[in-house]
Amino acid sequence: MNLNTIYFLHEIGGKKTQEDYIWPPAGTASAEDKIFIICDGVGGSENGELASKLISEFVASALQEIPASTLSATVINDILLQAQQKLIDHAAQYALNTDMATTFTLLVLNDDKAFIAWCGDSRIYHLRGHDILYRSRDHSLVNELIAQGVVTESEAQN
């Protein structure tokens with residue numbers, strides 16, 4: 001799988017503390033990169049900016065060590081479990097609040113395959129031209145209410 005051009009949209013919001021983190025860092029991605037991660041600290045939890053950075057950097061580093069021929073969904077799941085444990089261990093080591101958390105989105109390009117993973121209210125979109133070919137489902141309460149038919153998408157906006 002070859003990349004010709006990489007585009008990104010990344011807007012610094014108006015929050016006092018920015019809790020988002022992207023890998024590779026904004027503006028540094030090249031066509032040789034195969035790992036793309038976006039994390040955003042969960043609002044209402046302390047140290048979201050730390051959680052998003054720790055998870056992004058750990059997962060990216062671990063994936064870079066995996067030979068392309070052995071990459072699989074199981075390997076990615078194992079790395080995510082290790083990342084979760086690293087966050088728990090870091091919180092314990094530095095006496096931080098254990099409720100720190102982050103959303104997570106991942107795209108790994110590997111030969112003729114693409115692996116994706118996500119958690120939280122972040123989504124992954126597959127765009128081709130002006131068409132959305134795929135959109136992951138976010139794991140938010142509002143999206144669950146939409147899926148259950150309790151509210152419509154237009155009602156969810158309010």
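Definitions and limits used
Residues numbered from 1 in each chain as written. Predicted model: local features only at pLDDT ≥ 70, side-chain atom pairs only at ≥ 80, totals over all residues. Heavy atoms only, no water. Helix = DSSP H or I, 4+ residues; strand = E, 2+ residues; numbered from the N terminus. Buried < 20%, exposed > 50% of the residue type's maximum accessible area, 1.4 Å probe, protein only. Contact = heavy atoms within 4.5 Å. Areas by Shrake-Rupley, 256 points an atom, 1.4 Å probe, with all protein chains shown as cover. Pairing = 2+ DSSP bridges. Axes fitted to C-alpha atoms, helices over the stretch in contact; angles between N-to-C directions. Parallel < 35°, antiparallel > 145°, perpendicular 65-115°, else oblique. Left-handed = near helix turned anticlockwise from the far one by under 90°. Nonpolar A, V, L, I, M, F, W, Y, C, P; charged D, E, K, R; others polar.

Caption draft 1: Here's a closer look at the overall build of the chain. Counting its secondary structure elements, the chain contains four helices and six strands. Scanning the chain from its N terminus toward the C terminus, one meets helices and strands in the order β-β-α-α-β-β-β-β-α-α. Every one of the 158 residues in the chain was classed for burial, and the buried ones make up 29%. If you take every contact in the chain between residues at least 6 apart in sequence, the share linking residues at least 24 apart comes to 48%. Split by element, the accessible area of the chain, about 10500 Å² in all, is 52% carbon and sulfur.

Caption draft 2: Looking closely at the environment of V59. Note that V59 resides in helix α1 (residues 48–64). By relative accessible area, which is 1% here, V59 ends up buried. Sequence spacing of V59 and Q84 is 25 residues, and the spatial spacing of their C-alpha atoms is 9.9 Å. Those residues in contact with V59 that lie beyond four places of it in its chain are I37, I79, L80, A83 and F104.

Caption draft 3: Layout of the pairing of strand β4 (residues 113–119). Alignment of strand β3 (residues 102–110) against β4, held across seven bridges, turns out to be antiparallel. Bridging from a neighbouring strand, L107 pairs with I116 of β4. Once β3 ends, the chain turns through two residues before running back antiparallel as β4, passing D111 with a positive phi of about 50°.

Caption draft 4: Region of interest: the packing of α1 against helix α2 (residues 73–93). Running from amino to carboxyl end, α1 crosses α2 at an angle of 140°, the nearest separation of the two axes being 9 Å. The angle between α1 and α2 falls in the class oblique. Where α1 crosses over α2, the two elements pack in a sense that is right-handed. Along its contact with α1, which presents L50, A51, L54, I55, F58, V59, A62 and L63, the element α2 presents I76, I79, L80, Q82, A83, Q84, K86, L87 and H90. The class makeup of the residues in the contact of α1 with α2 is 13 nonpolar, three polar and one charged.

Caption draft 5: Here's a closer look at the side chain of S56. Mapped onto the fold, S56 is located in helix α1. Judged by its relative accessible area of 0%, S56 falls in the buried class. Leaving out residues up to four positions away in the same chain, S56 has contacts with Y21, I37 and C39.

None of this, on its own, says anything about what the molecule does.
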